[in-house]
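# Observations on the model geometry
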Amino acid sequence: MFNLAQNQFLQAAEIMGLDENLRDRLLFPQRTLLVSFPCRRDEYSEVETVFGYRVQHILTMGPTKGGIRYHEDVNLGEVSALAMWMTWKCALMHLPFGGAKGGVRIDPSKLSRSELQRLTRRYTLEIFDMIGPDKDIPAPDMGTNAQVMAWIMDTYSLQIGHAVAEVVTGKPPVLGGLEGREEATGRGLVYLIQETADHLQLDLKHSSAVIQGFGNVGRNAAKLMAQLGTRIIALSDVTTGIVNRKGLNLTAVIEHVENTGSLKGCPDCDEISNAEMLELECDILIPAALQNQITEDNAARINCRLIAEGANGPTTLEADAILAERGIFVLPDILGNAGGVTVSYFEWVQNTQEFAWTLEETNNRLHKMLTDAFHRTLQRSVREGVNMRTAALIEGIHRVAEAKLARGIFP
Ligand code: GLU
């Protein structure tokens, strides 16, 4: 995954003619922390050693920003790739942050609530010196949520001696979190799909969508797409995929997931594998699960007009080339899922100022910033004859390079 992030960067750097010295400075993270620590199970006698990471890619732009991922396969390469993408994402969105990411190598679904809390508090202490409202501000990512952020905020605040809401974003609203933060990534993706649909002259009321992943991003995107009148024909989670070409009844699906915990056994649909689902004929394909899903092995069989990336890194470079040749429009991850960090920025600003905006204000500002970034990217893509991913990367890299040159080198 780190190779993918580096190679995407190098390709964009080559096209934009980036200075070699700058290129080398941006190719690796500035700060990397790898820790191992004990996680005591509820069975008092059992202690597991787990690995945790926090990576800060670029410190030039302001504090660093990025989520914390709990997943059994997380490793330093993955976290470093995600940190690098955060840098370009924040710069593309004109947010005053560099990129960071954290991770703990554990499957959170196998932990009790008290185990999850202990793990989170210990991990927070392990990375304590690296984070802070002016240094590095974590947020939710895969496998973490508002409750995990609340425990991080509490652990950090106890060390400092007073409540520090602005040390994390994506908190519960009662602790200074924003009402619209949880759905912001999905909402942002749908705002961008609307802009893209206008550009491609795609009528969303008569379109179909396939969504891979039914976590925070996939579920919210599905809800909002359905509200726009788009037929959701297939969905998936870690247990299964489900399909109904006439359109799934989303209310019934959500009710089933709330009752049983997964998509398995959903009424009025057929089961389908994740791999088959990605190749279904549809107008919009939304990968909102894991990285590395659209590769040179299946890119030639992807059968849609638009790929809107909710996940980070779902498409490989080889697949990108095949998709471009086939005329499939890609809304790249660093733009597609930027709604999350943008509303995180709003949360941090409001915490710092101790002043709250309304949900309407949050969503209006999100819409404005995303459509602005979309049109800047689209214009660059057309002007320079590059695909949307490269255009978005160049937008981000350009801004970071300019800031680096303006700051100069010490001593
Ligand atoms: N984890 C999210 C992302 O990949 C959000 C990060 C944030 O809000 O800081 O963009």
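Cut-offs and rules
Residues numbered from 1 in each chain as written. Predicted model: local features only at pLDDT ≥ 70, side-chain atom pairs only at ≥ 80, totals over all residues. Heavy atoms only, no water. Pairing = 2+ DSSP bridges. Helix = DSSP H or I, 4+ residues; strand = E, 2+ residues; numbered from the N terminus. Axes fitted to C-alpha atoms, helices over the stretch in contact; angles between N-to-C directions. Near = heavy atom within 4 Å. Polar contact = N/O pair within 3.5 Å; in protein donor to acceptor, adjacent residues only side chain to side chain. Areas by Shrake-Rupley, 256 points an atom, 1.4 Å probe, with all protein chains shown as cover. Nonpolar A, V, L, I, M, F, W, Y, C, P; charged D, E, K, R; others polar. Phe/Tyr/Trp six-rings, centres within 6.5 Å; stacked < 30°, edge-to-face > 60°. Buried < 20%, exposed > 50% of the residue type's maximum accessible area, 1.4 Å probe, protein only. Salt bridge = Lys/Arg side-chain N within 4 Å of Asp/Glu carboxyl O.

### With respect to the sheet that holds strand β6 (residues 208-212)
The strand order across the open sheet formed by seven strands is β9-β8-β7-β6-β10-β11-β12, and the pairing between neighbours is mixed. Looking at strand neighbours, the two that pair on one side only are β9 (270-272) and β12 (329-331), the edges of this open sheet. Here the strands of the sheet are splayed against their neighbours by 20 degrees on average, with no regard to which way each runs. For strand β8 (residues 241-243) and β9, the ladder comprises three bridges, and the chain directions are antiparallel. Paired with glycine 241 across the strands is isoleucine 272, a residue of β9.

### Regarding the site of the ligand
In the vicinity of the ligand there are 14 residues, among which Lys65, Lys89, Lys101, Asp141 and Ser344 approach most closely. Interatomic distance of 2.8 Å between a side-chain N/O atom of lysine 65 and an oxygen atom of the ligand. Bound to the protein, the ligand loses 95% of the 300 Å² it would expose on its own. Taken together, the elements giving at least two residues each to the shell around the ligand come down to β3 (64-71), α3 (76-92), β5 (136-140) and α12 (338-353). Considered class by class, the residues forming the shell around the ligand number four nonpolar, five polar and five charged.

### Overview of the packing of aromatic side chains
Applying the stated rule across the entire model yields eight aromatic pairs. Ring centres 6.0 Å apart and planes at 50 degrees place the aromatic pair tyrosine 345 and phenylalanine 346 in the tilted group. The class of phenylalanine 346 is buried, set by a relative accessible area of 2%. Taken together, the ring pairs in this structure connect Phe97, Tyr345, Phe346, Trp348 and Trp357 into an aromatic cluster.

### Focus: the pattern of salt bridges
Where charged atoms from two side chains of opposite charge approach closely, those side chains can pair. By the definition in use, this model includes 23 salt bridges. A salt bridge links lysine 264 to glutamate 271; its shortest N-O distance comes to 3.5 Å. Between glutamate 384 and arginine 383 there is a salt bridge whose closest N-O contact spans 3.7 Å. Exposure remark for arginine 383: the relative accessible area of 56% places this residue in the exposed category. Salt bridges here are not isolated pairs; linked through shared partners, they connect Asp372, Arg376, Arg380, Arg383, Glu384 and Glu395.

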